Amino acid sequence: MSIITHSLISSCPSCGSDLPIGSLTCPDCSKLVYSSQLDALADEAKAYEKSGEFAPAMEVWNQTLALLPVDSKQAEWVHERLRQLQSLATGQAAEQPTKQPRQVDGHATPSWVKRLGPLGPFALLLLKFKTLFLFLFKLKFLFSFLFFIALYVTMFGWRYGLGISACILIHEMGHFIDIKRRGLPAEMPVFLPGLGAYVRWSGLGVTRRQMAQISLAGPLAGWIAAAVCFLIYSQTGDPIWAALARTGAVLNVLNLIPVWVLDGGQAVGVLSAVERAGLLAISLGLWYYTGEGIFFFVAAGTTWRLFTKDKPEQSDWGTFAYYAALLVVLAVILHAAPNALANQGISGK
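This section reports on the structure supplied with the text. (Residues numbered from 1 in each chain as written. Predicted model: local features only at pLDDT ≥ 70, side-chain atom pairs only at ≥ 80, totals over all residues. Heavy atoms only, no water.)

Here's the deal with the overall build of the protein chain
And then number 1: Secondary structure assignment for the protein chain yields 15 helices and four strands.
And then number 2: Relative to its full complement of 349 residues, the protein chain shows a buried share of 41%.
And then number 3: Here the contacts in the protein chain between residues at least 6 apart in sequence split such that 64% fall between residues at least 24 apart.
And then number 4: For the protein chain, the accessible surface area stands at approximately 18900 Å², while carbon and sulfur atoms represent 64% of it. (Helix = DSSP H or I, 4+ residues; strand = E, 2+ residues; numbered from the N terminus. Buried < 20%, exposed > 50% of the residue type's maximum accessible area, 1.4 Å probe, protein only. Contact = heavy atoms within 4.5 Å. Areas by Shrake-Rupley, 256 points an atom, 1.4 Å probe, with all protein chains shown as cover.)

Below you can see the structure in the form of structure tokens.
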């Protein structure tokens, strides 16, 4: 394992601004000053983890803490990863006793089982079935999704309930796939019946631009799902597909409102004041074009973000174009698809 030393950086590698001595984040663009060094350390630690060398991996992860703000999400993630590796290292040591294990029913029994006294057999049973328990724990995606479907099927009938659940799943998988393609750890979506869904993920040294792109990947996937529903409606005339197209489009525009923990709230963080003003103009134009009040809320949220203090000095026209394009294509679906929910209702047959 190599130990990497780091010299002080006097100017931000991202925006070039002068940095106060000892800075870990840039006060202008808010990016991590040592992001490249952190990426190198993360790659080294992951290589140790992959080969089962947990102790060296922990040493490398500990080095990253010196380059991260104490209260940052990345530092929180590293501390959690260290706890996980400590548990794995303890289990690894327990499974490799130095003494010859005694035999019970023809099978070797680890020495730590004896030290647990009457709880030893129960602990050994849990260890043998740990794979099963981990598998069941990962099924929270499936269980939560099934409950999610059941709620909407009960409320709206099986066709619409199953369809809108699938559209929301596709939105969340957009986030999940974009995270995984960047090599970041992520869990399958968890669904909250009646509320929505989320993807839990962690990333070391993720830039604000990457965060924005991951946030917009969900609405992009959601637009694809809504567009497919509209194409099916245009071929069949079945109002259930128009209802799914409209609902999917509304939900994704709702997620693009640049406030709180919504996808738009994360994405707008990389946009400059000029770009936010442009987004406001586009939102107002789409409100006028479609007559859909949801775009008024996008405009209202953008107006608020014009006066917040998180505006970077550098522009990110790529993210601006991505954000604006999503609003436009979702508006097209809302304008073209009839409101089957209001005009005809939806059938569960």
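Description of the packing of helix α10 (residues 239-255) against helix α13 (residues 294-305)
And then number 1: Close contact between α10 and α13 brings their axes to 9 Å; oriented N to C, the two are set at 10°. Comparing their axes, α13 and α10 come out roughly parallel. Within the contact between the two elements, α10 uses Val250, Val253 and Leu254 and α13 uses Ile294, Phe295 and Val298.
And then number 2: Class assignment for the residues of the contact of α10 with α13 results in six nonpolar, no polar and no charged. (Axes fitted to C-alpha atoms, helices over the stretch in contact; angles between N-to-C directions. Parallel < 35°, antiparallel > 145°, perpendicular 65-115°, else oblique. Nonpolar A, V, L, I, M, F, W, Y, C, P; charged D, E, K, R; others polar.)

Digging into the pattern of salt bridges
And then number 1: In total, this model carries 10 salt bridges according to the counting rule given.
And then number 2: Between Arg182 and Asp178 there is a salt bridge, and its shortest N-O distance comes to 2.9 Å.
And then number 3: Taking the shortest distance from any N to any O, the salt bridge between Arg209 and Asp316 comes out at 3.1 Å. In this pair, Arg209 sits in helix α9 (residues 208-236) while Asp316 sits in the loop between α13 and α14 (317-336), placing the two residues 107 residues apart along the sequence.
And then number 4: Taking relative accessible area as the criterion, Arg209 reaches 36% and is therefore assigned partly exposed.
And then number 5: The buried category is assigned to Asp316, whose relative accessible area is 9%.
And then number 6: Shared partners join several salt bridges into a network, and the residues in it are Asp178, Arg181 and Arg182. (Salt bridge = Lys/Arg side-chain N within 4 Å of Asp/Glu carboxyl O.)

Things to note about helix α7 (residues 140-156)
And then number 1: Along its 17 residues, α7 runs 24 Å from first to last C-alpha, staying within 8% of the 24 Å computed at 1.5 Å per residue.
And then number 2: Just downstream of α7 lies Gly157, where phi reads positive at about 95°. (Expected span 1.5 Å × (residues − 1).)

Structural notes on a nonpolar patch on the surface
And then number 1: Among the surface-exposed residues, Leu142, Phe143, Leu146 and Phe147 lie close enough to one another that they form a single nonpolar patch of about 410 Å² accessible area.
And then number 2: Here Leu142 is to be found in helix α7.
And then number 3: Among the residues examined, Leu142 registers a relative accessible area of 37% and is labelled partly exposed. (Patch = residues over 30% accessible without salt bridge, like charges linked within 9 Å, V, L, I, M, F, W, Y side chains within 5 Å.)

Points about the packing of aromatic side chains
And then number 1: In total, this model carries 12 aromatic pairs according to the counting rule given.
And then number 2: Between Phe145 and Phe191 the ring centres are 4.8 Å apart and the planes differ by 40°, which places this aromatic pair in the tilted class. Note that Phe145 is positioned in helix α7 and Phe191 in strand β3 (residues 190-192), a separation of 46 residues in sequence.
And then number 3: The exposure class assigned to Phe145 is buried, which follows from its relative accessible area of 12%.
And then number 4: Taking relative accessible area as the criterion, Phe191 reaches 3% and is therefore assigned buried. (Phe/Tyr/Trp six-rings, centres within 6.5 Å; stacked < 30°, edge-to-face > 60°.)

Considerations on α14
And then number 1: An ideal rise of 1.5 Å per residue puts 28 Å on 20 residues; α14 measures up with 28 Å between its terminal C-alpha atoms.
And then number 2: By the burial criterion, the buried members of α14 are Thr319, Phe320, Tyr323, Ala324, Leu326, Leu327, Leu330, Ala331, Ile333 and Leu334.
And then number 3: On its buried face, α14 is in contact with α9, α10, α11 (263-267), α12 (273-290) and α13.

Some remarks on unusual backbone geometry
And then number 1: The backbone of Trp260 shows a phi angle near 50°, a positive value even though the residue is not glycine.
And then number 2: Looking at the secondary structure, you find Trp260 in the loop between α10 and α11.
And then number 3: Residue classification places Trp260 among the exposed residues on the basis of a relative accessible area of 72%.

Quick notes on the nonpolar core
And then number 1: By size, the foremost hydrophobic cluster in this structure holds 43 residues, and its most contacted members are Phe295, Tyr323 and Leu327.
And then number 2: At the level of secondary structure, the elements contributing two or more residues to this core comprise α7, α8 (158-181), α9, α10, α12, α13 and α14.
And then number 3: For this core, the element with the most residues is α14, which contributes eight residues.
And then number 4: Not counting residues within four places of it along the chain, the set of residues in contact with Tyr323 comprises Leu216, Leu256, Ile257, Pro258, Gly264, Ala267, Val268, Leu271 and Leu279.
And then number 5: Val33, Tyr48, Phe54 and Ala75 belong to the second-largest nonpolar core, a separate cluster that totals 21 residues. (Core = buried A, V, L, I, M, F, W, Y, C linked by side-chain atoms within 4.5 Å.)

Quick notes on the state of the cysteines
And then number 1: Under the counting rule described, the total for this entry stands at zero disulfides.
And then number 2: Free cysteine: Cys167, not disulfide-bonded; nearest cysteine sulfur from Cys229 at 4.0 Å.
And then number 3: The class for Cys167 is buried, based on a relative accessible area of 10%.
And then number 4: Taking relative accessible area as the criterion, Cys229 reaches 5% and is therefore assigned buried. (Disulfide = S-S within 2.5 Å.)

Description of the environment of Tyr323
And then number 1: One can find Tyr323 in helix α14.
And then number 2: Only 2.3 Å separates the side chain of Tyr323 from the backbone oxygen of Leu256, close enough to count as a polar contact. (Polar contact = N/O pair within 3.5 Å; in protein donor to acceptor, adjacent residues only side chain to side chain.)

Quick look at the environment of Leu41
And then number 1: When you line up the elements, Leu41 lands in helix α1 (residues 35-50).
And then number 2: Between the alpha carbons of Leu41 and Trp61 there is a distance of 7.2 Å; along the sequence they are 20 residues apart.

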